[in-house]
Amino acid sequence: MARPISELSDDVTSKDYTDPISVALIGSCTNSSYEDMSRAASLAEQAKAKGIKAKIPLLITPGSEQIRGTIERDGQMDSLKDIGATVLANACGPCIGQWNRPELENDEQNTIVTTFNRNFPGRNDGHRSTLNFIGSPEMIIALALGGKLSFNPLKDDLIAADGTKFKLEPPKPAPEVPAEGFMKPEGIFIAPPDNSDNVEVVIDPNSKRLQRLEPFLKWDGKDFEEIPIMVKAKGKCTTDHISPAGAWLSLRGHLNNLSDNMLLGAVNAFNDKVGEGKNIISGNIESFSKIARQYKENQMRWVIIGDNNYGEGSSREHAAMTPRYLGCAAVITKSLARIHETNLKKQGILALTFSNPNDYDKILEDDRISLLELDNMQPDKQVKCIISHADGSKDEILLNHSYNKAQIEWFKSGSALNVLRNK
Amino acid sequence: MKIDTTPELVSNVYLKLKENIVKYRNVVGRPLTLTEKILSGHLNKIDGTVFTGGKDYVFLKPDRVALQDVTGQMVMLQFMQAALKQTSLPTTVHCDHLIRAEVQGDIDMKVSLDENSEVFKFLQSACAKYGCGFWKPGAGIIHQVVLENYAFPGGLMIGTDSHTPNAGGLGMIAIGVGGLDATETMAGLPWELLYPKKIGVKLTGELNGWTSPKDIILKVADKLTVSGGTNAIVEYFGSGTKSISCTGKATITNMGAEIGATCSVFPYDERMETYLKYTNRGDIAELANQNKELLVADPEIETNPEFFLIESLKLISQH
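These figures come from a predicted structure and were not determined experimentally.

**Some points on the side chain of Ser125(B)**
In this structure, Ser125(B) sits in helix α4 (residues 105-130). In this structure Ser125(B) comes out as buried when scored by relative accessible area, which is 8%. With residues up to four places along the chain from it excluded, the contact list for Ser125(B) reads Val199(A), Glu200(A), Val201(A) and Val202(A).

**Digging into the state of the cysteines**
Residues and elements named next belong to chain A. For the structure on display, the rule yields zero disulfides over all chains. Of the cysteine sulfurs around Cys-92, a residue in no disulfide, the closest is that of Cys-29, at 6.7 Å. Summary of cysteine pairing: Cys-328 is not part of a disulfide, and the nearest cysteine sulfur, belonging to Cys-237, is at 12 Å.

**Quick look at the pairing of strand β13 (residues 302-306) of chain A**
All names here are of chain A. Of all five residues that make up β13, five are buried, and the element is covered over most of its length. The two faces of β13 match: Trp-302, Ile-304 and Gly-306 on one face and Val-303 and Ile-305 on the other face are all buried. Relative to strand β14 (residues 328-333), β13 runs parallel, the two being bridged by five bridges. Bridging from a neighbouring strand, Ile-304 pairs with Val-331 of β14. Handedness of the β13-helix α9 (residues 318-325)-β14 crossover: right-handed.

**Structural notes on the domain arrangement of chain A**
Domain annotation of chain A identifies domain 1 (5-166) and domain 2 (224-421). Here domain 1 of chain A and domain 2 of chain A have C-alpha centroids that lie 45 Å from each other.

**Things to note about the interface of chain B and chain A**
Every contact between the two is made by 93 residues of chain B and, on the other side, 97 residues of chain A. Broken down residue by residue, the surface that chain B buries against chain A is led by Met74(B), Gln81(B) and Trp210(B), which jointly contribute 12%. Summed over the shared surface of chain B and chain A, the number is five salt bridges. Between Lys346(A) and Glu184(B) there is a salt bridge whose closest N-O contact spans 2.8 Å. At the boundary of chain B with chain A, the tally comes to 47 residue pairs in polar contact (both at pLDDT 80 or more). Counting residues per element, the side of chain B that touches chain A draws most heavily on α4(B), at 16 residues. Its residues assigned to classes, the side of chain B that touches chain A comprises 38 nonpolar, 37 polar and 18 charged. When strand β8 (residues 189-190) of chain A meets strand β4 (residues 133-135) of chain B, the two strands line up antiparallel, connected through two bridges.

**Topic: helix α2 (residues 34-41) of chain B**
Among the eight residues that make up α2(B), eight are buried, leaving the element largely enclosed by the rest of the structure. Those residues of α2(B) that fall on the buried side of the exposure criterion are Leu34(B), Thr35(B), Glu36(B), Lys37(B), Ile38(B), Leu39(B), Ser40(B) and Gly41(B).

**Focus on the packing of helix α2 (residues 34-49) of chain A against helix α5 (residues 137-146) of chain A**
Residue and element names in this part refer to chain A. Two elements in contact, α2 and α5, have axes whose closest approach is 8 Å; the angle formed by their N-to-C orientations is 25°. As the angle between them shows, α2 and α5 are arranged roughly parallel. Like other packed secondary-structure pairs, α2 and α5 cross with a definite hand, here right-handed. Counted together, Asp-36, Arg-39, Ala-40, Leu-43, Ala-44 and Ala-47 of α2 and Pro-137, Glu-138, Ile-141, Ala-142 and Leu-145 of α5 form the full contact between these two elements. Residues that form the contact of α2 with α5 fall into these classes: eight nonpolar, no polar and three charged.

What counts, and at which threshold
Residues numbered from 1 in each chain as written. Chains lettered and ligands numbered in written order. Predicted model: local features only at pLDDT ≥ 70, side-chain atom pairs only at ≥ 80, totals over all residues. Heavy atoms only, no water. Helix = DSSP H or I, 4+ residues; strand = E, 2+ residues; numbered from the N terminus. Buried < 20%, exposed > 50% of the residue type's maximum accessible area, 1.4 Å probe, protein only. Contact = heavy atoms within 4.5 Å. Disulfide = S-S within 2.5 Å. Pairing = 2+ DSSP bridges. Right-handed = clockwise from strand over helix to strand, strands pointing away. Domains from an automatic or database assignment. Buried area = accessible area lost by both parts, 1.4 Å probe. Salt bridge = Lys/Arg side-chain N within 4 Å of Asp/Glu carboxyl O. Polar contact = N/O pair within 3.5 Å; in protein donor to acceptor, adjacent residues only side chain to side chain. Nonpolar A, V, L, I, M, F, W, Y, C, P; charged D, E, K, R; others polar. Axes fitted to C-alpha atoms, helices over the stretch in contact; angles between N-to-C directions. Parallel < 35°, antiparallel > 145°, perpendicular 65-115°, else oblique. Left-handed = near helix turned anticlockwise from the far one by under 90°.

In structure tokens form, the structure reads like this:
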């Protein structure tokens, strides 16, 4: 939600926000233009003229080397440094959570103010109790000078070095581009060579972060018969539950190592545990990736049962690739999020939905699932599924799919990439 | 493969826009929004279908691809599997996400270079192998670098990052996608998109004093909520757009991601022309000036926007 600065002070009291600001951050891809930095500098210069500095740490993330070099040349950087600013790298850093804050030992509630674009819990520093308030660069500089969230630069006074009171003026109208043009940094871009026949792509076979992909095996033409259920996901199961980010971010180029996070956040309807299910070989409750690895060793395929809008969230294909890599044959849900559905299809996992959503309730932990007549799979034709219960009884149900002819080939070939490569 | 947005590339895009806009306007039988113009101008084919937003799928031919250093890894690993020699369209990789902030710029950069050197080396070598441009760590954040170098009015790009729509500040339809979408587009396949719904935001008045582009998008986000833009392209129009600099427009389109929008876009104007000229792209500005009618909504849309107008904002209040 947004609010005018005039109402922020009241909200600090009524909503129990932490009033002292711990850090102010400006810049990022969203707000580090020449105009932004000039307006921010205009406020910094007012403070300097009165002999004061920012009351709290002030961090600046230039959006590019071009903008960093230009504001260094034209003086905005010095104006900001004069009030105590620290300049970070020209990179995402605190805006995406790449920010170490060792001073926050106990995850205590604290307030930061930024010009970034996102402010959900944990986004910037990994601490869910950090509150991030987003504003324009000039407003964030004003708040850094005031030091607290309830400071309203339109109304409240600051105290100059000589003890006199003063109010900040609105930022001076700023040029949108530098009169002298932008600096042209060199040595930061590499164009590809004209002939790349002799170029080798560098991947260390022993790397823990990068792994060459192997094509997924094509479908063997046989129906999936009596295969086990890895998880029956209950409630929300987003791509972040299926393939969490955070510390796993560094493994996005290593499918095998990344697969250890598979379904770590999924709530299992069979036992209400998060990230764990029953291994049908050992009978033990184990993490999903551990179970899947054992099934894979034994050449066993398996299915995921999902609730409503399974796979909502980001478009990250890893949420389809890690299950595929560990042997998932099909995802059967009440409904599928659109992008994840396509990603499943492309990676060669059958993406299916219950024709009767209540069939979700028929599925029990020790059941086995059969998906039949797949050789005759066609657009707009339902897939036959048999649920075999532990007591020997069976339920036959029908599953919907949204595959067109070309997409059915993705499944049969093992993946969309296999189709592309075989062309 | 030329990495730059060359005048030849832009001329060809405008020729195609010109041809397809006339066709699609005939198909729908009414004036077109800027969004409809740019999308129809990049359609694989126009066959007489009137597309319904949020329901129909369309196949498009983007003009460029941008990858960052986290999502870009799987894109390149998958591209290696496609067994193709080169990317089929201008593609760049930007090393920005893997750099962690702790102390200050140069010290943090050194630590991050050490920690991530194998990933950067991989991306650099894959770029060289497959004809992509490589922006080194420290060069800048993907969306800022794209705005400074590659974005152009009327273009269509995809990027493997949710804030790709930043380039809408320069009149481009720029959309965040998953890695395999990028891989397939690089391999020359048409790119599939759920045809977006239309949201129009009319801006009147002028920014002044403390008010800034950030306040506009925070206000829009407040009104439309975090999912109000889902499967929609937000198109800004009205006299107020001209009071916002090109980079200010980019701030607004960048944060369109926060309301779930497919992307956001502004009509071409003098502020964009200025930015293009000051970033050494006077030739692109010249082409845009010559083709201005392709890069703004049809005039009837401005006077009679009811069919897609959602919000009207006057740019005066302090926020």
